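# Structural characterization, general
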Amino acid sequence: MNALAATSRNFKQAAKLLGLDSKLEKSLLIPFREIKVDPDEVNALAQLMTWKTAVANIPYGGAKGGIGCSPGDLSISELERLTRVFTQKIHDLIGIHADVPAPDMGTNSQDLGGSLGRDAATGRGVLFATEALLAEHGKGIAGQRFVIQGFGNVGSWAAQLISEAGGKVIAISDVTGAVKNTNGLDIPKLVKHSAENRGIKGFNGGDSIDPHSLLTEECDVLIPAALGGVINKLALLVAEMSSYPLPGFHLQILAKKGVLILPDILANSGGVTVSYFEWVQNIQGFMWDEEKVNAELKTYMTRGFKDVKEMCRSHNCDLRMGAFTLGVNRVARATVLRGWEA
Ligand SMILES: NC(=O)c1ccc[n+]([C@@H]2O[C@H](COP(=O)([O-])OP(=O)(O)OC[C@H]3O[C@@H](n4cnc5c(N)ncnc54)[C@H](O)[C@@H]3O)[C@@H](O)[C@H]2O)c1
């Protein structure tokens, strides 16, 4: 099942649970603007962004765009020129009260006027959301075994914050390789190694393992923070950081095994939430200290989790459908209040 089909299936199920008018349902699926890249993928990602900002309850819609390139192969000045040309081409479409681009895979936080805490925000968001879910089961981060796929912005921050909170990160992979240490990896050392060697390959604080086997390592929490379409057979909880990381039929297998899935549109919403804080600070010309950013992020993530759980209760559904019904319902209600008519 491709990304658009999987996302649309969840949307349709949510619309059915909500009893949405069929014409409203159709109109919610038409993107406001689409600049052709890979239409299916970008449409799915823009849709996910829409439901995600609604779950986070921030005053944004959803859009997605990108440049097809390998940023790791480009020099800083090539990256700068590429970014400037891209910005110039979409200049008419972006702006403080129009559409605000935010960082994602393959980008970095080199910026003027950026918010403190943005760099770590997506990783910190997954920490808060995972904490909220574990707390429901009488558990905390401390003592749980984590496996993380991807050691870029999201994966490396998640690893650092989880290990600071007492979690044991036992295996990590990136595009260069994978490393495992059942006693827990030394994350600050791995961060240093990765920065110096452009990847985790060659790290001597654990055993080098086949990156494909990482996803079948036994653990309590798996965090897919690299690409879409991955699966883990042995985790108790999967916190999805990549967008649509798990194909539909795998989800059913995992559900049967009792694996809880913290869905992408909730788990990775910390990034866009702090992008929203950044926007607010820049408009006001009043910068917050990092403590305030992190405390506000915790409030938003915890509230998002509670709101999702409320939908799970009222629609008798799992966390993914709880998040989808929450996001879709908020957008549908706003659309109707803005004057939408059948
Ligand atoms: N950065 C954000 O704020 C943000 C917000 C929401 C969602 N996400 C999603 O989280 C995921 C990670 O984003 P990021 O910003 O950390 O990207 P990044 O470019 O900083 O890092 C990506 C990481 O994935 C690794 N990777 C790539 N291919 C891999 C493979 N085949 N196996 C294992 N590892 C592989 C890379 O080596 C790198 O460590 C993406 O799917 C992104 O869309 C990011």
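The structure displayed is predicted, hence computed values, not measured ones. (Residues numbered from 1 in each chain as written. Predicted model: local features only at pLDDT ≥ 70, side-chain atom pairs only at ≥ 80, totals over all residues. Heavy atoms only, no water.)

Further remarks concern the packing of aromatic side chains. Aromatic ring pairs are described here by two measures, namely the spacing of the ring centres and the angle between the planes. Inspection of every chain in the model, using the stated rule, returns eight aromatic pairs. On the basis of an interplanar angle of 35 degrees and a centroid distance of 6.1 Å, the ring pair of Tyr276 and Trp279 is categorised as tilted. Remark: Trp279 and Tyr276 occur in helix 10 (residues 270-284); sequence separation between them is three residues, near one turn of the helix. A residue is classified by how much of its surface remains accessible, and Trp279, at 19% relative accessible area, is buried. Ring geometry for Phe277 versus Trp288: centroids 5.3 Å apart, planes at 45 degrees, classification tilted. Separated by 11 residues along the polypeptide, Phe277 in helix 10 and Trp288 in the loop between helix 10 and helix 11 (290-315) bring together distant segments of the chain. As far as the burial class goes, Phe277 and Trp288 line up, both buried. Pairwise contacts between aromatic rings join Tyr60, Tyr276, Phe277, Trp279, Trp288 and Tyr300 into one cluster. The aromatic ring of Trp288 is capped on one face by Lys292, whose charged end is 4.7 Å from the ring centroid. (Phe/Tyr/Trp six-rings, centres within 6.5 Å; stacked < 30°, edge-to-face > 60°. Helix = DSSP H or I, 4+ residues; strand = E, 2+ residues; numbered from the N terminus. Buried < 20%, exposed > 50% of the residue type's maximum accessible area, 1.4 Å probe, protein only. Lys NZ or Arg CZ within 6 Å of the ring centre and 35° of its normal.)

Turning our attention to the pairing of strand 5 (residues 221-224). Where burial is concerned, the two faces of strand 5 agree: the one with Val221 and Ile223 and the one with Leu222 and Pro224 are both buried. As defined by bridge partners, strand 1 (residues 145-149) adjoins strand 5 across four bridges and the pair is classed as parallel. Note on strand 5: the bridge partner recorded for Gln149 is Pro224. By the bridge criterion, two bridges tie strand 5 to strand 6 (residues 237-239) in an arrangement that is parallel. Paired with Leu222 across the strands is Val238, a residue of strand 6. (Pairing = 2+ DSSP bridges.)

So, on to a negative patch on the surface. Taken together, the side chains of Glu34, Asp38, Asp40 and Glu41 define an acidic patch exposed on the protein surface. Relative to the helices and strands, Asp38 is located in the loop between helix 2 (22-28) and helix 3 (39-55). Its relative accessible area of 37% is what places Asp38 among the partly exposed residues. (Patch = residues over 30% accessible without salt bridge, like charges linked within 9 Å, V, L, I, M, F, W, Y side chains within 5 Å. Areas by Shrake-Rupley, 256 points an atom, 1.4 Å probe, with all protein chains shown as cover. Salt bridge = Lys/Arg side-chain N within 4 Å of Asp/Glu carboxyl O. Lys, Arg positive; Asp, Glu negative; His and termini not counted. Charge placed at Lys NZ, Arg CZ, Asp CG, Glu CD.)

Here the focus is the side chain of Asp220. Take Asp220: it is sitting in the loop between strand 4 (207-209) and strand 5. Among the polar contacts listed, one links the side chain of Asp220 to the backbone nitrogen of Arg145, at a separation of 2.7 Å. (Polar contact = N/O pair within 3.5 Å; in protein donor to acceptor, adjacent residues only side chain to side chain.)

Enumeration according to the criterion identifies zero disulfides in this entry. The thiol of Cys312 is unpaired, and the distance to the nearest cysteine sulfur, on Cys317, comes to 4.8 Å. For Cys312, a relative accessible area of 10% puts it in the buried group. (Disulfide = S-S within 2.5 Å.)

This part covers the pairing of strand 1. For strand 1, the buried fraction is high: four of the five residues fall into the buried class. Direction of pairing for strand 1 relative to strand 2 (residues 168-174): parallel, over a ladder of five bridges. Bridge pairing links Ile148 to Ile172 in strand 2. A crossover connection joins strand 1 to the parallel strand 2 through helix 6 (residues 153-164); in handedness this β-α-β unit is right-handed. (Right-handed = clockwise from strand over helix to strand, strands pointing away.)

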